[in-house]
Every structure is written in structure tokens, then in C-alpha cells.
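Take a look at the letters that make up each chain.
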Amino acid sequence: YEIGIVTGVQTCALPICLIRLKVIDALHAAAREGRSIGVRGVHSQLEQLDIPLSFLSVREVLKRLCVEGVISLGSDKCYSLNPEARAVLEQPVSR
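All values derive from a computational prediction rather than experimental measurement.

Draft legend 1. Looking closely at the overall build of the protein chain. Along its length, the protein chain carries five helices and two strands. Listing each helix as α and each strand as β along the protein chain from the N terminus yields α-α-α-α-β-β-α. The 95 residues of the protein chain split such that 39% are buried. Looking at the protein chain alone, contacts between residues at least 24 apart form 50% of all its contacts between residues at least 6 apart. Accessible surface computed for the protein chain: about 5,700 Å², of which carbon and sulfur atoms make up 54%.

Structural data, given as C-alpha cells:
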């Protein structure tokens, strides 16, 4: 599963970074559960994983992912993976 995330990030031409991977994972998990998630939701999920990242840092990572085209910000202030990124994440991992 994490290989799929790494592939997704590389496909989107972003440097691999644990924080970005965790943010993408939080957005992907929310999408699989049919939920919308904003900055607070992503931040809360990272806190539950004991990832020490400030609210402002989470917001900056989300902004960067938007600029890079990996995610988009909806009118409801919630973020979602773009279809291409989600498709990459949902590909079966070859071993």
C-alpha cells in the first residue's frame, strides 16, 4: 500500500516526503470512507498517528499538493485527491 502512495507521489512529480505521504494517505482514507476532510481533519489524523506537525504546516503541505495538482480544494474548504492521483493509489501493488 505504501508503495502505491510513493508511486502516486512520484507520478505527480513531487519529492518523496513522509509528511506528504501521510497527508495523501489521510485524504485517500477519507475518500474511501466517503468523507470530506479539511485541514483540521488531516491535522487530527496526523496527531492520532503521533506525527508532530503543526496546523500551519499541514495547511502548507495541503497548499503545495494543490499547486502540484495532486489534490484540489473544494468550495466546502475540504480537500480531495484528483482523479489521476486516486487512480494511481488504487492500482494493485506488484510484488
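From this point, things continue past the structure.
Draft legend 2. Region of interest: the nonpolar core. Of all hydrophobic cores here, the largest spans 20 residues; its most connected members are Val23, Leu27, Val42, Leu62, Ile71 and Leu81. At the level of secondary structure, the elements contributing two or more residues to this core comprise helix 2 (18-32), helix 3 (39-48), helix 4 (55-67), strand 2 (79-81) and helix 5 (83-89). Filtering out sequence-adjacent residues up to four positions away, Ile71 remains in contact with Leu27, Leu62, Leu65, Cys66, Tyr79, Ser80, Leu81 and Asn82.

Draft legend 3. Examining the pattern of salt bridges more closely. A full pass over the atoms with the stated rule returns four salt bridges. A salt bridge links Arg64 to Glu68; the shortest N-O distance between them is 2.9 Å. Overall, the relative accessible area of 38% leaves Arg64 in the partly exposed class. The salt bridge partner of Glu90 is Arg86, with a shortest N-O separation of 2.8 Å. We classify Glu90 as partly exposed; its relative accessible area is 44%. Since its relative accessible area comes to 29%, Arg86 is described here as partly exposed.

Draft legend 4. Representation of helix 2 within the structure. In a regular helix each residue adds 1.5 Å, so 15 residues correspond to 21 Å; helix 2 covers 21 Å between its end C-alpha atoms and thus fits that length. Among the residues of helix 2, Arg20, Leu21, Val23, Ile24, Ala26, Leu27, His28, Ala29 and Ala30 are the ones counted as buried. Immediately downstream of helix 2, the backbone of Gly34 shows phi near 75°, a positive value.

Draft legend 5. Representation of helix 4 within the structure. An ideal rise of 1.5 Å per residue puts 18 Å on 13 residues; helix 4 measures up with 19 Å between its terminal C-alpha atoms. When helix 4 is considered as a whole, its buried residues turn out to be Val58, Val61, Leu62 and Leu65. The buried residues of helix 4 all sit within an arc of 100° when viewed along its axis, so they share a single face. Projecting away from the buried face of helix 4 at angles above 90 degrees are the exposed residues Leu56 and Val67. Considering only its buried residues, helix 4 is in contact with helix 2, helix 3, strand 1 (71-73) and strand 2.

Rules and cut-offs
Residues numbered from 1 in each chain as written. Predicted model: local features only at pLDDT ≥ 70, side-chain atom pairs only at ≥ 80, totals over all residues. Heavy atoms only, no water. Helix = DSSP H or I, 4+ residues; strand = E, 2+ residues; numbered from the N terminus. Buried < 20%, exposed > 50% of the residue type's maximum accessible area, 1.4 Å probe, protein only. Contact = heavy atoms within 4.5 Å. Areas by Shrake-Rupley, 256 points an atom, 1.4 Å probe, with all protein chains shown as cover. Core = buried A, V, L, I, M, F, W, Y, C linked by side-chain atoms within 4.5 Å. Salt bridge = Lys/Arg side-chain N within 4 Å of Asp/Glu carboxyl O. Expected span 1.5 Å × (residues − 1). Arc of directions from axis to C-beta.

So, to be careful, I would describe these as geometric facts and stop short of saying anything about function.
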